[in-house]
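Listed below, chain by chain, are the residues.
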Amino acid sequence: MLLVLRKQGLYCEAGDFFIDPSGKVDRAVVTHAHSDHARRGAKEYFTPKSGMALVRARLGSAICLRGFAFGEKFQLGRVSISFHPAGHILGSSQVRLELNGEVWVVSGDYKREPDPTCEPFESVPCDVFVTEATFGTPVYRWKKDADLGREIFDWWETNRAHGRNSVLCAYSLGKTQRVLGLLRAFTRRPVYLDPSATPLTECYRAEGIDLLPSICLSTLSDSAKLKGELVVAPSSFLRSSLASVLGSDFETAFASGWMAGTGEGGTGRFSSYDRGFTMSDHADWDDLVRTVVETGARRVYVQHRGHGSLVRYLRKLGLDAFPEEVLARIPPAQMSLF
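These notes cover the structure that comes with them. (Residues numbered from 1 in each chain as written. Predicted model: local features only at pLDDT ≥ 70, side-chain atom pairs only at ≥ 80, totals over all residues. Heavy atoms only, no water.)

## Re the pairing of strand S16 (residues 250-255)
Here is step 1 of the chain: Across five bridges, strand S12 (residues 165-169) lies against S16 in parallel orientation. Bridge assignment links asparagine 165 to a residue of S16, and that residue is phenylalanine 250.
Here is step 2 of the chain: Pairing of S16 with strand S17 (residues 275-277), which is carried by three bridges, proceeds in the parallel orientation. The residue of S17 that forms the bridge with alanine 253 is arginine 275. (Pairing = 2+ DSSP bridges. Helix = DSSP H or I, 4+ residues; strand = E, 2+ residues; numbered from the N terminus.)

Written out as structure tokens, the structure is:
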């Protein structure tokens, strides 16, 4: 087996590296800069060039980091590796591994919807596909014709006409910058950002990504009060001292794929928000299935929430599909089969 699952994450013995590991390892191949994928503790990191600044912003400038262009092959041990766009955030990648003619692809997080702030997803043919499945149940289906930039802008405009501030809760890396990119088609007014998002947004700008101008909330005076403005920030902002700039008249919204669900993980968790926008940086059910089929993989390992529904569905399609945990039970003697 080319990959097995260890406590630190997916491990490749033939190349002596981990993919998106946790804990101390020698070599980490990092799919993208989100904190559940890019973690401290590795002696050496490998990632796509366009995501290098984001990884350094998250892990520190002193790390040993090597970057590669998408599609550029490099060698670790006996394994040939290349990164391919995942469409998740700027610099996000799928990892292609090849050994003795056998090709494995680890998807990382991915989406297939258009996004002006990152490289578009690329289907990568392979023999074995390790796919994420954050939204791996049929209830999660995005409206592919939704104009999310227009929806957010119209909400902001309506509130602005009443002198009311708009607070859009979104993750500091990826979602915030996507909102700034989508709104470029409708306005040039600046958006106020949480301090956690500001340096990450500057990494996007340094890569030539066209975003709305932004103002960091920490640069405002203690007595400042906003009126009719848009604030994009993580939900923790509403509980911070920075929220005093909002005054008493504001609406809140949440931008996430979870808004499409029901029950646990669905809209019930977000009932405290005035508005929800179904905006995800992950593939929905239809795109998960579509992607697996397009790879041509004969065997599939599913990460995250797809252990039940997606595995069963892929088996009905005639594929050998398994939850990722199966890779933790591979006997060491079988490591050399590929």
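## Focus on the environment of aspartate 194
Here is step 1 of the chain: Looking at where aspartate 194 falls in the secondary structure, it is placed in the loop between strand S13 (191-193) and helix H4 (198-206).
Here is step 2 of the chain: Exposure remark for aspartate 194: the relative accessible area of 10% places this residue in the buried category.
Here is step 3 of the chain: Each C-alpha atom, one on aspartate 194 and one on phenylalanine 322, is 40 Å from the other, the two residues being 128 residues apart in sequence.
Here is step 4 of the chain: Residues within four places of aspartate 194 in sequence aside, it is in contact with Leu217, Val232, Ala233, Pro234, Phe237 and Leu242. (Buried < 20%, exposed > 50% of the residue type's maximum accessible area, 1.4 Å probe, protein only. Contact = heavy atoms within 4.5 Å.)

## Notes on the packing of helix H5 (residues 285-295) against helix H6 (residues 309-316)
Here is step 1 of the chain: Remark: H5 packs on H6, axes separated minimally by 11 Å, with the N-to-C direction vectors making an angle of 45°. One element, H5, and the other, H6, form an angle in the oblique class. In the packing of H5 onto H6, the handedness of the crossing is right-handed. Contact residues: H5 offers Trp285, Leu288, Val289 and Val292, while H6 offers Ser309, Leu310, Tyr313 and Leu314.
Here is step 2 of the chain: The residue makeup of the contact of H5 with H6, split by class, is seven nonpolar, one polar and no charged. (Axes fitted to C-alpha atoms, helices over the stretch in contact; angles between N-to-C directions. Parallel < 35°, antiparallel > 145°, perpendicular 65-115°, else oblique. Left-handed = near helix turned anticlockwise from the far one by under 90°. Nonpolar A, V, L, I, M, F, W, Y, C, P; charged D, E, K, R; others polar.)

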